[in-house]
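This is what each chain is made of:
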Amino acid sequence: MIVFLRILFSSIFVFMVVSTTWASGALGIFEGGAQLIRNPWGIMTLFDAYFAFLTFFVWVAYKERTAVSRVFWFILIMLLGNIAMSAYMLLQLFRIPTGASMDRLLLRGSAS
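Keep in mind that this is a model prediction, so the values were computed, not measured.

Draft legend 1. Structural detail: the overall build of the chain. Scanning the chain for helices and strands turns up six helices and zero strands. The dimensions of the chain, computed from C-alpha atoms along their principal axes, are 45 × 30 × 25 Å. Looking at the 112 residues of the chain, the share that counts as buried comes to 29%. Residue pairs in contact within the chain that sit at least 24 positions apart in sequence constitute 64% of those at least 6 positions apart. For the chain, the distance from the average position of its 8 positive side-chain charges to the average position of its 4 negative side-chain charges is 12 Å.

Draft legend 2. Structural view of the nonpolar core. Of all hydrophobic cores here, the largest spans 21 residues; its most connected members are F56, V60, I77, M89 and L93. Secondary-structure elements contributing two or more residues to this core are α1 (2-26), α3 (40-63), α4 (67-80) and α5 (82-93).

Draft legend 3. Seen up close, α1. Under the 1.5 Å per step criterion, the end-to-end length of α1 is 36 Å for 25 residues, consistent within 8% with the ideal 36 Å. I2, L5, R6 and F9 are the residues of α1 that are buried. Buried residues along α1 sit in contact with α5 and α6 (102-106).

Draft legend 4. Up close: the packing of aromatic side chains. Taken as a whole and judged by the stated rule, the model has eight aromatic pairs. With 5.0 Å between their ring centres and 70 degrees between their planes, F57 and F74 make a pair best called edge-to-face. Linking F57 in helix α3 with F74 in helix α4, this pair joins segments that are 17 residues apart in sequence. The buried category is assigned to F57, whose relative accessible area is 14%.

Draft legend 5. Local environment of a nonpolar patch on the surface. A cluster of nonpolar residues, W41, M44, F47, F51, L54, V71, F74, I75, L79 and L80, forms a patch on the protein surface that exposes about 1,100 Å² of accessible area. Contributing elements (two or more residues each) for the nonpolar patch: α3 and α4. Relative to the helices and strands, M44 is located in helix α3.

Draft legend 6. Structural detail: the packing of α1 against α5. Following both chains from N to C, one finds α1 and α5 inclined at 150 degrees, their axes separated by 9 Å at the closest point. Between α1 and α5, the angle falls in the class roughly antiparallel. Of the two possible hands of crossing, α1 and α5 adopt the one that is left-handed. Contacts between α1 and α5 involve I2, L5, R6, F9, S10, I12, F13, M16, V17 and T20 from the former and N82, I83, S86, A87, M89, L90 and L93 from the latter. Of the residues belonging to the contact of α1 with α5, the class tally is 12 nonpolar, four polar and one charged.

Conventions adopted
Residues numbered from 1 in each chain as written. Predicted model: local features only at pLDDT ≥ 70, side-chain atom pairs only at ≥ 80, totals over all residues. Heavy atoms only, no water. Helix = DSSP H or I, 4+ residues; strand = E, 2+ residues; numbered from the N terminus. Buried < 20%, exposed > 50% of the residue type's maximum accessible area, 1.4 Å probe, protein only. Contact = heavy atoms within 4.5 Å. Lys, Arg positive; Asp, Glu negative; His and termini not counted. Charge placed at Lys NZ, Arg CZ, Asp CG, Glu CD. Core = buried A, V, L, I, M, F, W, Y, C linked by side-chain atoms within 4.5 Å. Expected span 1.5 Å × (residues − 1). Phe/Tyr/Trp six-rings, centres within 6.5 Å; stacked < 30°, edge-to-face > 60°. Patch = residues over 30% accessible without salt bridge, like charges linked within 9 Å, V, L, I, M, F, W, Y side chains within 5 Å. Areas by Shrake-Rupley, 256 points an atom, 1.4 Å probe, with all protein chains shown as cover. Salt bridge = Lys/Arg side-chain N within 4 Å of Asp/Glu carboxyl O. Axes fitted to C-alpha atoms, helices over the stretch in contact; angles between N-to-C directions. Parallel < 35°, antiparallel > 145°, perpendicular 65-115°, else oblique. Left-handed = near helix turned anticlockwise from the far one by under 90°. Nonpolar A, V, L, I, M, F, W, Y, C, P; charged D, E, K, R; others polar.

See the structure below:
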């Protein structure tokens, strides 16, 4: 399972970096953002994404022991979304052995 998750989150990270770079070159973020905010579904998609980021951050806040680390990851997750989330997962996944159980990944202090 750990190997599968490493592949999954590596793929997400690479896809998000490549597609974000492509989108940034095709349309400026402020120009595209103006179009997005005019569409009610665009607004709801943003709410959906940011609530998902916040949900993931609750787990990160549980895992991280210091306030500095929690603030650091909160800022990264809110600014970079799935890029930061996949990076966090990869950091956690590469701290544990390949044959580790899921509790080593999910529970506080288990990945160390």
